[in-house]
Amino acid sequence: MARVGLYPGTFDPMTNGHLDVIRRALKLVDHLVVAIGINATKQPLISLEERFALIEAEAGPIAKEVGSKISTASFSGLVVNAADDHGANVIIRGLRGAVDFEYETQMVGMNRVMNPHVETVFLAASPETQFISSTLVRQIASMGGDITPFVPPSVKTKVLAAVAAKSKRHGGRN
């Protein structure tokens, strides 16, 4: 039986921390589905299609290098249902610290009750990426800061273009 993992998140934008988790998860599974959660109440900075393209461009070569398969998908419901929809038997979660751990352990318990056939695997963030979050990257970019250390170059380009477009739509205000 193939080991299929589901790595859920918003990836708005994808960060070096996300890539670190993807790189390590690809060594654990035969096929990794990077699943972008859609929340109707949130307006993402980067479009779904652009996030798919960025993930595929940045993570595709990593998958090829380790001999695993990667794909992207979107979902709008429960993560355990998305795992079922994609034939995943494991959910991959990245942990940046104790706060993430507290939240994620609650989610594991709830998910296990809803679907006992899907396991959750935590991958602790590497020390060089544990402080990176998509929220902080968006904030830094919107305030004119340098996001180079936190995201791949292709993501930086998309983020800066999206911030500039948003600023233009709002008359120079973010």
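Scroll up for the structure.
Conventions we followed
- Residues numbered from 1 in each chain as written.
- Predicted model: local features only at pLDDT ≥ 70, side-chain atom pairs only at ≥ 80, totals over all residues.
- Heavy atoms only, no water.
- Core = buried A, V, L, I, M, F, W, Y, C linked by side-chain atoms within 4.5 Å.
- Buried < 20%, exposed > 50% of the residue type's maximum accessible area, 1.4 Å probe, protein only.
- Helix = DSSP H or I, 4+ residues; strand = E, 2+ residues; numbered from the N terminus.
- Axes fitted to C-alpha atoms, helices over the stretch in contact; angles between N-to-C directions.
- Parallel < 35°, antiparallel > 145°, perpendicular 65-115°, else oblique.
- Left-handed = near helix turned anticlockwise from the far one by under 90°.
- Contact = heavy atoms within 4.5 Å.
- Nonpolar A, V, L, I, M, F, W, Y, C, P; charged D, E, K, R; others polar.

Colleague: Looking at this structure, how should I read the nonpolar core?
Modeller: Core analysis: the largest hydrophobic core is formed by 35 residues, its most contacted members being Ile22, Leu32, Ile70, Ile92 and Val159. Of all the secondary structure elements, the ones that give two or more residues to this core are α1 (16-25), β2 (31-37), α2 (48-66), β4 (90-95), α5 (134-142) and α6 (153-169). At 7 residues, α2 tops the list of elements feeding residues into this core. Listed in part, the 12 residues of the second largest apolar core include Ala73, Val80, Ala82 and Val118.

Colleague: Quick question: what am I supposed to make of the packing of α2 against α6 here?
Modeller: In helix packing, the relevant descriptors are the interaxial angle and the interaxial distance, both defined with respect to the helix axes. Axis separation between α2 and α6 bottoms out at 10 Å; the angle between their running directions is 165°. On the basis of their axis angle, the class for α2 and α6 is roughly antiparallel. Both α2 and α6 take part in a crossing whose hand is right-handed. On the side of α2, the interface is formed by Glu50, Leu54 and Glu58, while α6 contributes Ser154, Val155 and Lys158. Tallied by class, residues from the contact of α2 with α6 come to 2 nonpolar, 1 polar and 3 charged.

Colleague: Looking at this model, I keep getting lost on unusual backbone geometry. Mind explaining?
Modeller: The phi angle of most residues is negative, glycine excepted, and most peptide bonds adopt the trans form. Here the amide bond leading from aspartate 12 into proline 13 is cis, since omega sits at 0°, within 30 degrees of zero. You will see that phenylalanine 11, though not glycine, has its phi angle at about 50°, which is positive. Of note, phenylalanine 11 is situated in the loop between β1 (4-9) and α1.

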